[in-house]
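Working through the structure, step by step
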Amino acid sequence: MSKKVLYILISLVFLVVIFFSRENIYFSIGNYYFGGGVYDLKKAEKYFRKVVSIEEDYPRAHYQLARISFLNARFIEAKNEINKEISLYPDFYKSYYMEGLIAGYAGDFETAVNGFKKFQEYDSFNWASYNDLSWVYFQKGDFELARDIAVDGLRYAGNNPWLYNSLGIALINLKDMSEAKVAFEKALENIDKTTAEQWGKAYPGNDPKIYKDGHMATREAIIYNLDLLKDY
């Protein structure tokens, strides 16, 4: 092999290494701006799009883009991105949770139900999927299923304020006011045991700057629900 050919081969290998290392760097930078150090959704999206411009099927790139589009209420775009991730990596189960969440907010309740149930096939202990599935059934007007799903979730995550709040809302609509009041009281008791940081963990992908306000807003919503039942 001539020195010239060897030089060309070494150069090609070097370029391939640079090509893929730059891609990984872009993905790492995107994660850094997506709550991995600094929170800046515009910059995070910019770098994730650089990743897919280099390699369309890079793992988790479409997943992250779906999350960002969802947070910006761009639900059609979010749906397209999460569908791409699922088609490429159907065993990455967190995508099904995002599919359910995106579809729920977009008003596609059947897809939302299927997404959350698919997620639970992989992770049946995740309280958030029960809470969101209960919310979807509530949106569909199926208050009995909304109640039953919240109860199921509490079996895995006892004393969870979000699930107790969802349970209370379902019970109000089932005209079971006394039990709804008990559920809201437990929701308030347990939200008061959480911190703003713990609230933030329940809403991954959000700006840490809103954790304190979000925690207070959740507490105020529970108090509002309790006030509705002050005569019971």
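Attention here is on the structure that accompanies the text. Remember, it's a predicted structure, so these values are computed and weren't measured experimentally.

Here we look at the overall build of the protein
- Looking only at helices and strands, the protein features twelve helices and zero strands.
- For the protein, the N- to C-terminal ordering of α and β elements is α-α-α-α-α-α-α-α-α-α-α-α.
- A compact globule built from 232 residues would reach a C-alpha radius of gyration of about 17 Å, whereas the protein, at 22 Å, exceeds it by more than 25%.
- C-alpha extents for the protein along the principal axes are approximately 90 × 35 × 30 Å.
- Burial analysis of the protein (232 residues in total) assigns 41% to the buried set.

A word on the pattern of salt bridges
- This model, assessed by the stated rule, comprises twelve salt bridges.
- In this structure, the salt-bridge partner of R49 is E77, at a minimum N-O distance of 2.9 Å. With R49 in helix α2 (residues 41-54) and E77 in helix α4 (residues 75-88), this pair connects stretches of sequence that are 28 residues apart.
- Between R74 and E77 there is a salt bridge whose closest N-O contact spans 2.9 Å.
- Among the residues examined, E77 registers a relative accessible area of 28% and is labelled partly exposed.
- Several salt bridges share partner residues, and in doing so they unite E45, R49, R74, E77 and E81 into one network.

Focus on the packing of aromatic side chains
- The full count for this structure, using the stated rule, is 23 aromatic pairs.
- A ring pair is formed by Y96 and Y122, whose centres lie 6.1 Å apart and whose planes are at 10°; its orientation type is stacked. Residue Y96 is located in helix α5 (residues 94-106), and its partner Y122 is located in helix α6 (residues 109-122); the two are separated by 26 residues in the primary sequence.
- Judged by its relative accessible area of 38%, Y122 is partly exposed.

Some points on α4
- The end-to-end C-alpha separation of α4 is 20 Å, in line with the 20 Å expected for 14 residues at 1.5 Å each.
- What α4 keeps buried is the set A78, E81, I82, E85 and I86. Summarising the axial view, the buried residues of α4 lie within an arc of 135°, below the 170-degree limit, and thus occupy one face. Residues of α4 that are exposed and point over 90 degrees away from its buried face: I76 and S87.

Here we look at the side chain of S69
- With respect to the helices, strands and loops of the structure, S69 is situated in helix α3 (residues 61-71).
- Those residues in contact with S69, other than ones at most four positions away along the chain, are R74, E77 and A78.

Let's talk about the packing of helix α8 (residues 143-156) against helix α9 (residues 161-173)
- Two elements in contact, α8 and α9, have axes whose closest approach is 8 Å; the angle formed by their N-to-C orientations is 155°. As far as their axial angle goes, α9 and α8 are roughly antiparallel. Here the hand of the crossing between α8 and α9 comes out left-handed. Between α8 and α9, the residues in contact are F143, A146, R147, A150, V151, G153 and L154 and L163, Y164, S166, L167, A170, L171 and N173, respectively.

Observations regarding the environment of L154
- Note on placement: L154 falls in helix α8.
- Since its relative accessible area comes to 14%, L154 is described here as buried.
- Between the alpha carbons of L154 and L133 there is a distance of 13 Å; along the sequence they are 21 residues apart.

Quick notes on unusual backbone geometry
- Unlike most non-glycine residues, R60 shows phi in positive territory, near 80°.
- Relative to the helices and strands, R60 resides in the loop between α2 and α3.
- Judged by its relative accessible area of 25%, R60 is partly exposed.
- Positive phi outside glycine occurs at N159, with the angle close to 70°.
- With respect to the helices, strands and loops of the structure, N159 is situated in the loop between α8 and α9.

Definitions and limits used
- Residues numbered from 1 in each chain as written.
- Predicted model: local features only at pLDDT ≥ 70, side-chain atom pairs only at ≥ 80, totals over all residues.
- Heavy atoms only, no water.
- Helix = DSSP H or I, 4+ residues; strand = E, 2+ residues; numbered from the N terminus.
- Rg over C-alpha atoms; globule rule 2.2 N^0.38 Å.
- Buried < 20%, exposed > 50% of the residue type's maximum accessible area, 1.4 Å probe, protein only.
- Salt bridge = Lys/Arg side-chain N within 4 Å of Asp/Glu carboxyl O.
- Phe/Tyr/Trp six-rings, centres within 6.5 Å; stacked < 30°, edge-to-face > 60°.
- Expected span 1.5 Å × (residues − 1).
- Arc of directions from axis to C-beta.
- Contact = heavy atoms within 4.5 Å.
- Axes fitted to C-alpha atoms, helices over the stretch in contact; angles between N-to-C directions.
- Parallel < 35°, antiparallel > 145°, perpendicular 65-115°, else oblique.
- Left-handed = near helix turned anticlockwise from the far one by under 90°.

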